Amino acid sequence: MDNSKRTVVVTGFGPFGEHAVNASWVAVQELKKLGLGGEVDLHVSEVPVEYQTVQSLVPSLWKKYHPLLVVHVGVSGMATTVTLEKCGRNHGYKGLDNSSFCPDSQCCIVGGPDCINSVIDMESVCKRVTASGLGVAVSVSKDAGRYLCDFTYYTSLYLSHGRSAFVHVPPLGKPYSGEDLGRALQAIIQEMLELLDQAEEKIHCQQHFH
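Residues numbered from 1 in each chain as written. Predicted model: local features only at pLDDT ≥ 70, side-chain atom pairs only at ≥ 80, totals over all residues. Heavy atoms only, no water.

1. Quick look at the UniProt feature "active site" (unreviewed entry) in the chain
(1) Moving on: UniProt's entry tags E85 and C149 with the feature "active site" (unreviewed entry), counted in the numbering of this structure. Maximum C-alpha separation among the annotated residues is 10.1 Å over a sequence range of 65 residues, consistent with a single clustered spot.
(2) Moving on: Topologically, E85 is positioned in strand β4 (residues 82-85).
(3) Moving on: According to the relative accessible area criterion, E85 is buried, its value standing at 2%.
(4) Moving on: When near neighbours in sequence (up to four residues on either side) are disregarded, E85 contacts M122, S141, K142, D143, A144, Y153, F166 and H168.
(5) Moving on: A polar atom in the side chain of E85 sits 2.7 Å from the side chain of S141. (UniProt positions renumbered as here; feature names shortened; annotations may be inferred. Helix = DSSP H or I, 4+ residues; strand = E, 2+ residues; numbered from the N terminus. Buried < 20%, exposed > 50% of the residue type's maximum accessible area, 1.4 Å probe, protein only. Contact = heavy atoms within 4.5 Å. Polar contact = N/O pair within 3.5 Å; in protein donor to acceptor, adjacent residues only side chain to side chain.)

As structure tokens, this is what we get:
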């Protein structure tokens, strides 16, 4: 394994409900075409809208790739901006998935904390991407919606001790194209990696001085 390369995994969701084409997976495929630069090994994966699949697939992605960061992307019919989610929540999963299933416990991880925050400062990512003049509006949210998006995010945050991110995108054409969304994801994830690098340097500096 080439240790000089950093591994990033990005997921999008498959079709569900009225979303016969899921904008999140289209955006992730556009991101894959663009890449994240020569130093980043980018892997993408499509996630079915099923709780039980998420419970096995998300851990397998962490185990297989040992990524520095996993970014999950989902579509929100209510979103008009590309939205950075700050946290995932453990309880309140009552909506049925594509298999007409929902967890009996209505939670992700029995006994897990109510809410887990990402280690990434989403406000900072939002400001930086907005300042870059990308032409795509970006905002920050504290509620990923208590459906498969939130369920996937919480599961990933729990496994990674917060080293995950979630991005909601609007449906295609409302107002952005798949290409627009791919460019936005590229800019957002590059800023996230930049922030992780800065945090890492800070830790090294502190260790150096003790």
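2. Re the environment of V73
(1) Moving on: Looking at the element boundaries, V73 is found in strand β3 (residues 69-75).
(2) Moving on: Residues V73 and G133 lie 60 residues apart in sequence; the distance between their C-alpha atoms is 22 Å.
(3) Moving on: Not counting chain neighbours up to four residues away, the residues in contact with V73 comprise V10, T11, G12, F13, S24, V28, F166, V167, V169 and L185.

3. Things to note about the pairing of β4
(1) Moving on: Because side chains alternate across β4, one face comprises the buried residues V82 and L84, and the other comprises T83 and E85, equally buried.
(2) Moving on: Pairing between β4 and strand β7 (residues 138-141): four bridges, direction parallel. In the strand pairing of β7, T83 is matched with S139.
(3) Moving on: Two elements, β4 and strand β8 (residues 164-169), share three bridges in a ladder whose sense is antiparallel. (Pairing = 2+ DSSP bridges.)

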